[in-house]
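Report on the structure
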Amino acid sequence: MDSAILAPDSYTRTLDLLGLFHRSAPLEVDVGCGKGRFLSARAKRFPDRNFLGIDRLLSRLRRVDRKILRDTLLNVKLLRLEAAYAIAYLLPAASVSMIHVFFPDPWPKRRHHRRRLFTEDFPSDLHRVLRPGGQINVATDHAEYFAHIQSLLASDARYREIEPFAPCPEERTDFETLFLNKGDPVSRCSFEKRPEAFPEEDTP
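Residues numbered from 1 in each chain as written. Predicted model: local features only at pLDDT ≥ 70, side-chain atom pairs only at ≥ 80, totals over all residues. Heavy atoms only, no water.

What follows deals with the side chain of Ser190. Mapping Ser190 onto the fold places it in strand E7 (residues 187-193). Residue Ser190 is classed as buried on the basis of its relative accessible area, which comes to 0%. A polar side-chain atom of Ser190 sits 2.8 Å from the main-chain amide nitrogen of Phe165. Setting aside its immediate chain neighbours within four residues, Ser190 contacts Ile136, Asn137, Arg160, Glu161, Ile162, Glu163, Pro164 and Phe165. (Helix = DSSP H or I, 4+ residues; strand = E, 2+ residues; numbered from the N terminus. Buried < 20%, exposed > 50% of the residue type's maximum accessible area, 1.4 Å probe, protein only. Polar contact = N/O pair within 3.5 Å; in protein donor to acceptor, adjacent residues only side chain to side chain. Contact = heavy atoms within 4.5 Å.)

Glancing now at a nonpolar patch on the surface. Taken together, the side chains of Met1, Leu69 and Leu74 define a hydrophobic patch exposed on the protein surface, amounting to about 290 Å² of accessible area. Residue position: Leu74 is located in the loop between helix H3 (58-70) and strand E3 (76-80). Note on Leu74: relative accessible area 60%, which makes it exposed. (Patch = residues over 30% accessible without salt bridge, like charges linked within 9 Å, V, L, I, M, F, W, Y side chains within 5 Å. Areas by Shrake-Rupley, 256 points an atom, 1.4 Å probe, with all protein chains shown as cover. Salt bridge = Lys/Arg side-chain N within 4 Å of Asp/Glu carboxyl O.)

By the element assignment, Asp174 lies in helix H7 (residues 174-182). A residue is classified by how much of its surface remains accessible, and Asp174, at 38% relative accessible area, is partly exposed. Sequence-wise, Asp174 and Arg128 are 46 residues apart; in three dimensions their C-alpha atoms are separated by 30 Å. Setting aside residues up to four positions removed in sequence, Asp174 forms contacts with Lys35 and Arg37.

Let us now look at the nonpolar core. The biggest cluster of nonpolar side chains holds 35 residues, and the ones touching the most others in it are Val29, Leu79, Ile99, Phe118 and Ile136. The biggest single contributor to this core is helix H6 (residues 143-154), with five residues. Look past the residues within four positions of Val29 in its chain and what remains in contact with it is Leu52, Ile54, Leu91, Val96, Met98, Ile99 and His100. Ranked by size, the runner-up nonpolar core spans 12 residues in total, among them Ala4, Cys33, Phe51 and Val64. (Core = buried A, V, L, I, M, F, W, Y, C linked by side-chain atoms within 4.5 Å.)

What follows is about the packing of aromatic side chains. Summed over all chains, the structure comprises nine aromatic pairs. Between Phe38 and Phe102 the ring centres are 5.0 Å apart and the planes differ by 85 degrees, which places this aromatic pair in the edge-to-face class. With Phe38 in helix H2 (residues 37-45) and Phe102 in strand E4 (residues 96-102), this residue pair connects regions lying 64 residues apart in the sequence. Residue Phe38 shares its accessibility class with Phe102, and that shared class is buried. Measuring from ring centre to ring centre gives 4.7 Å for Tyr85 and Tyr89, while their planes differ by 40 degrees; the resulting arrangement is tilted. Remark: Tyr89 and Tyr85 occur in helix H4 (residues 83-90); sequence separation between them is four residues, near one turn of the helix. An aromatic cluster is defined as three or more aromatic residues linked by ring pairs; in this entry it consists of Phe38, Phe102 and Phe165. Between Arg188 and the ring centre of Phe102, over which it is positioned, the NZ or CZ distance is 6.0 Å. (Phe/Tyr/Trp six-rings, centres within 6.5 Å; stacked < 30°, edge-to-face > 60°. Lys NZ or Arg CZ within 6 Å of the ring centre and 35° of its normal.)

On to the sheet that holds strand E2 (residues 50-55). Think of a sheet as strands paired side by side through backbone hydrogen bonds, with each pair either parallel or antiparallel. Strand order in the open sheet formed by seven strands is E3-E2-E1-E4-E5-E7-E6, and the pairing between neighbours is mixed. Strand pairing shows two members of the sheet lacking a second neighbour, E3 and strand E6 (159-162), which therefore form its edges. Across the sheet, the mean angle separating the axes of adjacent strands is 20 degrees when strand polarity is ignored. By the bridge criterion, five bridges tie strand E1 (residues 27-31) to E2 in an arrangement that is parallel. Residue pairing for E2: Leu27 is matched across the bridge by Asn50. Strand contacts of helix H5 (residues 122-129): E4, strand E5 (130-140), E6 and E7, with the helix running at about 135 degrees to E5, the strand carrying the most contacts. (Pairing = 2+ DSSP bridges. Axes fitted to C-alpha atoms, helices over the stretch in contact; angles between N-to-C directions.)

Moving on: the packing of H4 against H5. Where H4 meets H5, the closest approach of the two axes is 9 Å, and the angle between their N-to-C directions is 50 degrees. Between H4 and H5, the crossing angle belongs to the class labelled oblique. The way H4 lies across H5 gives a crossing that is left-handed. When H4 is examined against H5, the residues Ala84, Ile87, Ala88 and Tyr89 are found in contact with a partner set consisting of Phe122, Asp125, Leu126, Arg128 and Val129. (Parallel < 35°, antiparallel > 145°, perpendicular 65-115°, else oblique. Left-handed = near helix turned anticlockwise from the far one by under 90°.)

Here you go:
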């Protein structure tokens, strides 16, 4: 089994998912996959799904890659890139069943808010790549950022809020495990792309 870390031929053309995974299957995207605890556990649990882990740090991806190779997880690929760029430009339209964003950097200082993943434009990028009925799942320990994310998605008529996604214990990220052990609150929300209201403009 070769490394799961991708080296795209182009960073301006959308990824050929069928060519990468050699099969058609529901795709889940783990944004900021970190050490890969959630990603690898979920890929083991759902071998009939494809998984893409995105992180900007090569050292993290190499660590996740070793887990994937060790466990022969053929349904996982890794991409070293800023998540916002990958979602805006590399993922095909209507290709993703679930996007998981767990404990994104909150950039707490107001002057740094523009660096956050959840900007005013991000819901439109999510809407483009999600399939009708696809989900965005969020978890964070940062109360102010959580309120911003929830408000941003709740105010967008293209989404409806649903029961929050809750990972099983084996799928909890290292951050979540740390916060739960400390007794710190973790906030969650999930939103579904409305299947009936906004037909896909980018697909035949």
